[in-house]
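Tertiary structure, described
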Amino acid sequence: MEKTSQLKKFLKDLFSSQRLAVLATQSKRQPYGNLVAFMATDDLKHLLFATTRATRKYANISKNPRVAMVMDNRSNQEADFHQAAAVTATGVVKEVEGSEKEPLLRLYLSKHPYLKDFVSSPTCALLKMNVETYYVVRQFQNVMELHIKK
Amino acid sequence: MSLIIPLHQIKEEDREQFGGKAFSLAILSRIGMNVPDALCVKTEAYKQFVNFAGLRERILLEVNRKNFQEMRWEEMWDAALRIRNMFLQTPIPSEIAEALRSPIEERFKDKAVVVRSSAPGEDSSQASFAGLHESYINIRGTEAILEHVRLVWASLWSDAALLYRQELGLDIEKSAMAVLIQEIVNGERSGVAFGKNPNDGSQSVIEAVYGLNAGLVDGTVEPDRWLLDRATGKILRHIVPNREKWMISSGEGTHLEALPVDQASVPPLTVGEVERIFGLTIRVEKEFGTPQDVEWTLKADALYLLQSRPITALSSKTAGDKRPWYLTLRRSFENLKALRKRIEGQLIPAMVDEAECLARQDWTALSDIQLADEIARRMDIHGRWVAIYWSDFIPFAHGMRLFGQFYNDTVRPEDPYEFMDLLGSGQLKSLERNQGLEEMASMVREDRSLALSLKEFKTDEDEGFGRMLDEFIRKFGDLSCSIGEEIQCSQGREGIFRLLLEMAAHPPAKQKMEPRRVEYLTASFLDRFEEEQRGFASELLDLGRASYRLRDDDNIYLGRIEKQMVAAMDEGRRRLEKQGRIKGDVTDPKELIEALKSPRYLPKTRLSIEKVEIASELKARQIVGQPAGPGIAKGKARVILSSSDLLNFKSGEILVCNAVEPNMTFVVPLSAGIIERRGGMLIHGAIIAREYGIPCVTGIPEATSQIQTGNQVTVDGYLGIVTIG
């Protein structure tokens, strides 16, 4: 069977090849989904994304920080059904503040340099998801779970 | 763009569109060799077909169902079977059929043809795909020809083709197939010739038979063989076979018949003709620059060249991979009939005799040294039967496959495994054993005092139940042997008692297969054929049934031999224990022999079963294997690592094991679902699951490490998916 290190490498490669992810939040028992520009930390413990504080997702997270995020490498071709991989991460989101913000922001911009103006705005928040579990789907129906140690 | 063109119009730049076989013949035809008239269907037609009909991604999903390296040969056959069924169920879209129809109609209106594969890469000098794909002989009429074009396309995904393409690193995603439609030449004598003998580079080989060479190619008809000096063409040796049969065209297809007596005594070729064919190989070799393997036929003294390809030796990449060996097990009908005769007439009776003879032997009089020799002798006997199991019984399993393919080709059922329902006739040895158990369990169910005495591990020998139990154990053993890799037989009767009590606590399991359904399927299968062909279909069904039964029974018979080896080992162990020389369990017979022979030797004991460490970080949630018994089941897992796991089995649990060994089938009626590490639809466990209508998924190598006894699991036997948790 695949080793943890192999799966982690697979995840890192997948995350660096993709820019956007689907973020799922909820409010009053109503799920809500939207696209975010994401970035994974090297230890895979965190997923970073940014949003302005007036958004629905920010409001949802403020009330309930438990979220899910979906990343995948589909090409929108038929071949996706046997080739594409999709990863669902579940965990808890926190806004990045204080001394942590500067290095994480630099990291985030190293992947998304075009978002410099956006994330520099005082209205924009950098958010950090502490991942608890990755659910990795490959070959259409094979699912592995990677539980991230705290 | 035209999808089909005459052979002689193929140009150098078209090679990829037509494959090596058609391209070589086009060249030979151009230089004036006597090549049968032919049309060639471009790979583009194949591509359009799979794209247009939505087959492309369905095929790739099937091939990528799981990691190819982890697939056993039986799983590859299953994948190939399912893909072939997709082709059988998908008509050629009318635009494509229209484009092919009129050129075929024009050229072959009333003529019979051979429909041959010509896959790009197939006949290059690096990759010999000889015989991996199908050819169909003596096909007549435009619609029938189109039908066989589709079958040749399907053969691009045969088990052997899948394995070899992977071995050669060819990209499966880019696979495509051209088809050669060649006018049949009903030669009186045919054969093959190797410009260079693969076993001796200084020689050439010419093989010849009477009739068509289909019989030679599939091994049904033994050819005359000439070895020639490659440099001079001088005949070095003529190997004369027992000339008995020949393959001829008849109706649709070919037919094997007894060779007329006057021909049987005369070689199919004169010395002059052997030289003529040798000349042909030299000429073809000159044209292509490498030695060729050619198929030829002689009709009214005209020598035809049917196909030519470079000679290649198989690459050694597959060393250690047993799958290519399995793929050589494809057998012809004739070959399987002979094998069945040998198995049923000689091998099984000899095996039963041998086991009985061993059982009669009294060893109480043997000294320790003599007992050691007896254990060694029994090991040899067991080893000999294991070798026969591999050389004869395993190849005979192909009888099921042969019937399955024939059934699917003629009946075209939606479920590619429907043929299994016809094969199951409920007469398997392990089912007989289960019936025996059920009879005893029903006695326990109805008799409370009997149940109470079983709980205390007591039975009265004289009563009906005691006699029944003795008879059962005499016939089938005490159910504790042969679990997993090690030989363990130490449970005694207590194990059976526990099992019977568990069985008695629940209503009896029923075999699913209704005799009426089997009868109905059988009748509607046979009704499809005209009188003459019905005989063949019925014979093939009978062969398939024999093969199905043997897949189960051979293990039981082999189990009896093994039991006799184990009995001698038990006696040795008992003696050593009495002498106080064993601590722990000695399972290696060599250790026992050594200890019995040298009083000072201390035998090594078995290491406890290693539990696979499960990384807490990584867990499988859902694993895809092979669907092997339709249905869905949820329940607690019982992972079988030793015989005690088996005898603790509770009704409604999911059986998780390496493979359902025939000696463990008695828990199958208790189980709600089955998960096996070994993969395949035609393996023993799948057969038994299907007989009882129990959802079953095979081919989950992680099953016994990722699933633990007590885990909640879901078995999706329709899709072949196991979900844990």
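Residues numbered from 1 in each chain as written. Chains lettered and ligands numbered in written order. Predicted model: local features only at pLDDT ≥ 70, side-chain atom pairs only at ≥ 80, totals over all residues.

1. A short note on the overall build of chain B
Applied cut-off: Here a strand is any run of E in DSSP of at least two residues, a helix any run of H or I of at least four, and the numbering for each starts at the N terminus. Each radius of gyration is computed over the set of C-alpha atoms, and the globule rule expresses the reference value as 2.2 Å times the number of residues to the power 0.38. Exposure is read from a count of other C-beta atoms within 10 Å of each residue's own; the residue is exposed at 12 or fewer, buried at 20 or more and partly exposed in between. C-beta atoms are placed from the backbone.
For chain B, the count of helices and strands is 25 helices and 21 strands. At 29 Å, chain B has a C-alpha radius of gyration in line with the 27 Å of a compact globule built from 725 residues. By principal-axis analysis of the C-alpha atoms, chain B measures approximately 90 × 55 × 55 Å. Out of the 725 residues in chain B, the part that is buried amounts to 44%.

2. A closer look at the overall build of chain A
Note the threshold: Remark: residues whose backbone-derived C-beta atoms lie within 7 Å of one another are considered to be in contact.
Counting secondary structure elements, chain A contains 5 helices and 7 strands. What you see in chain A, going N to C, is helices and strands ordered as α-β-β-β-α-β-α-β-α-α-β-β. Rg of the C-alpha trace for chain A: 15 Å, near the compact-globule value of 15 Å for 150 residues, within the 12% margin. With respect to the three principal axes, the spread of C-alpha positions in chain A is 45 × 35 × 35 Å. Counting across all 150 residues of chain A, residues that qualify as buried make up 25%. Residue pairs at least 24 apart in sequence account for 64% of intrachain contacts in chain A once pairs closer than 6 positions are excluded.

3. Digging into the sheet that holds strand β1 (residues 4-6) of chain B
Consider a sheet: its strands pair through backbone hydrogen bonds, and that pairing is either parallel or antiparallel. Residues and elements named next belong to chain B. As a reminder of what qualifies: Being paired, for any two strands, means DSSP has found at least two bridges between them. Axis definition: a line fit to C-alpha positions, over the contact stretch in the case of helices; interaxial angles, taken between N-to-C directions, run 0 to 180 degrees.
One open sheet accounts for 5 strands, arranged β1-β2-β5-β3-β4; its pairing is antiparallel. Two strands bound the open sheet, and with one partner strand each, they are β1 and β4 (135-140). Going across the sheet, the axis of each strand differs from the next one's by a mean of 25°, ignoring polarity. Summarising the sheet, strand β3 (residues 112-118) and β4 pair through 4 bridges and their orientation is antiparallel. Opposite V115, over in β4, you have Y136 as the bridge partner.

4. Some details on the interface of chain B and chain A
What counts is decided by this rule: The classification used treats Ala, Val, Leu, Ile, Met, Phe, Trp, Tyr, Cys and Pro as nonpolar, Asp, Glu, Lys and Arg as charged, and all other residues, Gly among them, as polar.
In this assembly, 20 residues from chain B lie in contact with 18 residues from chain A. Those elements giving two or more residues to the side of chain B that touches chain A turn out to be α3 (55-63) and β14 (618-624) of chain B. Looking at the side of chain B that touches chain A residue by residue, the class counts come to 8 nonpolar, 4 polar and 8 charged. Judged from the 4 bridges that link them, strand β7 (residues 142-147) of chain A and β14(B) form a sheet pairing that is antiparallel. Looking at β14(B), one finds that A:L146 is bridged to B:L618.

5. A look at the domain arrangement of chain B
By convention, interface size is frequently given as the accessible area that disappears when the constituent parts associate. Residues and elements named next belong to chain B. To be explicit about the condition: Each domain's limits were defined by an automated method or a database of domain assignments.
The domain architecture assigned to chain B consists of domain 1 (1-184), domain 2 (185-311), domain 3 (333-426 + 514-597) and domain 4 (622-724). Residue-level contacts link 12 residues of domain 3 with 8 residues of domain 4. At 6 residues, the largest contribution of residues to the side of domain 3 that touches domain 4 is made by helix α21 (residues 531-578). Considered class by class, the residues forming the side of domain 3 that touches domain 4 number 6 nonpolar, 4 polar and 2 charged.

6. Notes on the nonpolar core
Our working rule: What makes a nonpolar core is a set of buried Ala, Val, Leu, Ile, Met, Phe, Trp, Tyr and Cys residues, with links drawn between C-beta atoms within 7 Å.
Core analysis: the biggest nonpolar cluster contains 125 residues, and A:L47, A:M69, B:L500, B:V656, B:I675, B:A689 and B:V722 have the highest contact counts within it. Here this core takes 12 residues from α21(B), the largest share from any one element. Looking at which domains feed residues into this core, each of domain 3 (333-426 + 514-597) and domain 4 (622-724) of chain B supplies at least three.

7. Digging into the environment of B:R445
Residues and elements named next belong to chain B. Mapped onto the fold, R445 is located in helix α16 (residues 429-446). Accessibility expressed as a C-beta count within 10 Å gives 19 for R445, which makes it partly exposed. Sequence-wise, R445 and R15 are 430 residues apart; in three dimensions their C-alpha atoms are separated by 73 Å.

8. Observations concerning the pairing of β7(A)
All names here are of chain A. Relative to β7, strand β6 (residues 124-138) is paired through 6 bridges, and the arrangement is antiparallel. Along β7, the bridge assignment pairs R138 with N142. What sits between the antiparallel neighbours β6 and β7 is a turn of 3 residues, in which Q139 has the positive phi angle 45°.

9. Notes on the sheet that holds strand β7 (residues 203-210) of chain B
Residues and elements named next belong to chain B. With respect to topology, 6 strands assemble into an open sheet ordered β9-β8-β7-β6-β12-β13, the strand pairing being antiparallel. At either end of the open sheet lies a strand with only one pairing partner, and these are β9 (235-239) and β13 (302-310). Ignoring which end each strand starts from, the neighbouring axes of this sheet average 15° apart. Sheet strands touched by helix α10 (residues 271-288): β6 (189-194), β7, β8 (224-229), β9, β12 (292-299) and β13. Its angle to β12, the strand with the most contacts, is close to 135°.

10. Notes on helix α13 (residues 368-396) of chain B
Rule in force here: What a helix should span is 1.5 Å times the count of its residues minus one.
Helix length check: α13(B), at 29 residues, gives a terminal C-alpha distance of 41 Å against a target of 42 Å (1.5 Å per residue), a fit within 8%. As for α13(B), its buried residues are in contact with α12 (333-360), α14 (398-411), α21 and α22 (589-597) of chain B.

11. Looking at the confidence of the model for chain B
All names here are of chain B. As a reminder of what qualifies: Per-residue confidence from the predictor is reported as pLDDT, which spans 0 to 100.
Per-residue confidence for chain B averages 85 on the pLDDT scale, and 90% of its residues sit at or above 70. Considering each helix and strand of chain B separately, the mean pLDDT is smallest for helix α11 (residues 323-327), with a value of 55, and largest for strand β20 (residues 712-716), with 97. Scored below 50 in pLDDT, residues 482-490 shows 29 contacts in the model against residues more than four places distant or in partner chains. In this model, residues 608-615 is a region of pLDDT below 50 whose contacts with residues beyond four sequence positions or in other chains number 6 contacts. Across the whole predicted complex the pTM is 0.80, and at the interface the ipTM reaches 0.87.

12. Quick look at helix α7 (residues 159-167) of chain B
All names here are of chain B. Among the 9 residues of α7, 7 are classified as buried, and the element is accordingly described as predominantly covered. Here α7 has its buried residues at D159, A160, A161, L162, L163, Y164 and R165. Where α7 ends, the next residue or the one after it, G169, has phi of about 70°, a positive value.

13. Observations concerning the packing of helix α4 (residues 73-89) of chain B against α14(B)
Residue and element names in this part refer to chain B. Here is the rule: Small angles under 35 degrees read as roughly parallel and large ones over 145 as roughly antiparallel, with 65 to 115 read as roughly perpendicular and the rest as oblique. Less than a right angle of anticlockwise turn of the near helix away from the far helix marks a crossing as left-handed, whereas a clockwise turn marks it as right-handed.
Between α4 and α14, the least distance of the axes is 10 Å, while the angle of their chain directions is 15°. Taken together, the axes of α4 and α14 are roughly parallel relative to one another. Taken as a pair, α4 and α14 cross one another with a handedness that is right-handed. Facing W77, L81, R84, N85 and L88 of α4, the residues of α14 in contact are R401, G404, N408 and D409. Considering only residue class, the contact of α4 with α14 consists of 3 nonpolar, 3 polar and 3 charged.

14. Here we look at the packing of helix α5 (residues 94-108) of chain B against helix α6 (residues 142-154) of chain B
Two quantities define a packed helix pair, namely the angle between the axes and the distance from one axis to the other. Residues and elements named next belong to chain B. Axis separation between α5 and α6 bottoms out at 9 Å; the angle between their running directions is 125°. By the angle class used here, α5 and α6 are oblique. Where α5 crosses over α6, the handedness of that crossing is right-handed. Here A97, L100, R101, I104, E105 and F108 of α5 lie close against α6, whose contacting residues are T142, I145 and L146. The residue inventory of the contact of α5 with α6, partitioned by class, reads 6 nonpolar, 1 polar and 2 charged.

15. Thoughts on the environment of B:L437
Residues and elements named next belong to chain B. Within the secondary structure layout, L437 lies in helix α16. On the basis of neighbour counts, which here come to 19 C-beta atoms within 10 Å, the residue L437 falls in the partly exposed class. As for L437 and M468, which are separated by 31 residues in sequence, their C-alpha atoms are 9.7 Å apart. Not counting residues within four places of it along the chain, the set of residues in contact with L437 comprises M503 and F666.

16. Observations concerning the environment of B:I683
Residue and element names in this part refer to chain B. Position of I683 relative to the elements: it lies in the loop between β18 (673-676) and α24 (684-692). With 24 residues separating them along the chain, I683 and A659 place their C-alpha atoms 8.7 Å apart. Those residues in contact with I683, other than ones at most four positions away along the chain, are E74, A659, R678 and T698.

17. Examining unusual backbone geometry
Residues and elements named next belong to chain B. One non-glycine residue with positive phi stands out, namely A300, at about 45°. In this model, D301 sits at a positive phi of 70°, which is unusual for a non-glycine residue. As for its placement among the helices and strands, D301 is situated in the loop between β12 and β13.

18. Overview of the pairing of β14(B)
Direction of pairing for β14(B) relative to strand β21 (residues 721-724) of chain B: antiparallel, over a ladder of 3 bridges. Counted as the bridge partner of B:I623 is B:V722 from β21(B).

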